[in-house]
Amino acid sequence: MKLVVNALLGVNMQAIAEAVTFGEKAGLDRDLLLEVLAKTAVVSPAHQNKLVRAQRDDYSPQFPLKLMNKDFGLILRKAAELGVPMPTTAIAHQMNAARTVVNGDEDFSSVIGEMELLSRVDRRSVSPSGA
């Protein structure tokens, strides 16, 4: 059960990181974007606090990346044993692994920072009147 829950937790965090980065690249104000997303029905309560903390670039560990990475590995190995394809989980695992190389002790929500880095988000140039 823990691995099932953590699969959702990790995959959803990656989806949120992509949405945040997409919004930033479209010119939306990061603080407003994170604030609005944290209040939407599509973001789980487990992720709402992650968005609030991301506003402060606070990726101090509540659930360290290295532990999420370990769980992603366990999930994908078991899924392979069972013959269950999990392509979205595999991609989230790769993004998590990339950020783990930077600092595996950060919170798993730091994939937001990884997506911003990969997308070359220049947070200095984002204006509050964005798209």
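Residues numbered from 1 in each chain as written. Predicted model: local features only at pLDDT ≥ 70, side-chain atom pairs only at ≥ 80, totals over all residues. Heavy atoms only, no water.

J.: Hey, could you go over empty space enclosed by the protein for me, with residue numbers and the actual values?
T.: Scanning the entire structure with this criterion turns up 1 cavity of 30 Å³ or more. The calculated volume of the largest cavity comes to roughly 40 Å³. Secondary structure elements with two or more residues in the lining of the largest cavity: helix 1 (2–25), helix 4 (65–82) and helix 5 (87–103). A per-element tally of the lining of the largest cavity places helix 1 first, with 3 residues. Residue classes in the lining of the largest cavity are distributed as 6 nonpolar, 3 polar and no charged. (1 Å grid on protein atoms, 1.4 Å probe; cavity = no way out; pocket = protein on both sides within 12 Å on 5 of 7 lines; lining within 4 Å. Points joined across faces, edges and corners; volume = space filled by probe spheres on them. Helix = DSSP H or I, 4+ residues; strand = E, 2+ residues; numbered from the N terminus. Nonpolar A, V, L, I, M, F, W, Y, C, P; charged D, E, K, R; others polar.)

J.: Before we move on, could you go through helix 3 (residues 45–55) and cite the residues and values that matter?
T.: Here helix 3 has its buried residues at His47, Lys50, Leu51, Arg53 and Ala54. Looking straight down helix 3, one finds its buried side chains confined to an arc of 165°; they lie on one side. For helix 3, the elements touching its buried residues are helix 1, helix 2 (30–38) and helix 6 (111–118). The first or second residue beyond helix 3 is aspartate 57, which carries a positive phi of 55°. (Buried < 20%, exposed > 50% of the residue type's maximum accessible area, 1.4 Å probe, protein only. Arc of directions from axis to C-beta. Contact = heavy atoms within 4.5 Å.)

J.: Which residues make up the pattern of salt bridges, and what values go with them?
T.: Close approach of charged atoms allows side chains of opposite charge to pair. Enumeration over the complete set of coordinates arrives at 13 salt bridges. Across the pair arginine 30 and glutamate 116 runs a salt bridge, and its minimum N-O distance is 2.7 Å. Placement of the pair is arginine 30 in helix 2 and glutamate 116 in helix 6, with a sequence separation of 86 residues. In this structure arginine 30 comes out as buried when scored by relative accessible area, which is 6%. Its salt-bridge partner being glutamate 106, residue arginine 99 comes within 2.9 Å of it at the nearest N-O pair. Glutamate 106 matches arginine 99 in its accessibility class, with the two residues each being buried. Counted as one network, the salt bridges with shared partners bring together Glu24, Arg30, Asp57 and Glu116. (Salt bridge = Lys/Arg side-chain N within 4 Å of Asp/Glu carboxyl O.)

J.: Requested: an account of the environment of glutamate 24, with residues and values cited.
T.: Mapping glutamate 24 onto the fold places it in helix 1. In this structure, the C-alpha to C-alpha distance between glutamate 24 and serine 119, residues 95 residues apart in sequence, is 9.6 Å.

J.: Which residues make up helix 4, and what values go with them?
T.: The end-to-end C-alpha distance of helix 4 is 25 Å, a good match for the 26 Å that 18 residues give at a rise of 1.5 Å each. Inspection of helix 4 places Leu65, Met68, Asn69, Asp71, Phe72, Gly73, Ile75 and Ala79 among the buried residues, and these make up the whole buried set. With its phi angle positive at about 75°, glycine 83 sits one or two positions after the end of helix 4. (Expected span 1.5 Å × (residues − 1).)

J.: Any details on unusual backbone geometry? Residues and values, ideally.
T.: Excluding glycine, most residues fall at negative phi; most peptide bonds, likewise, are trans. For aspartate 57, which is not a glycine, the phi torsion comes out positive at approximately 55°. Mapped onto the elements of the fold, aspartate 57 is located in the loop between helix 3 and helix 4. With relative accessibility at 38%, the residue aspartate 57 sits in the partly exposed group. In this model, arginine 120 sits at a positive phi of 55°, which is unusual for a non-glycine residue. With respect to the secondary-structure elements, arginine 120 resides in the segment after helix 6.

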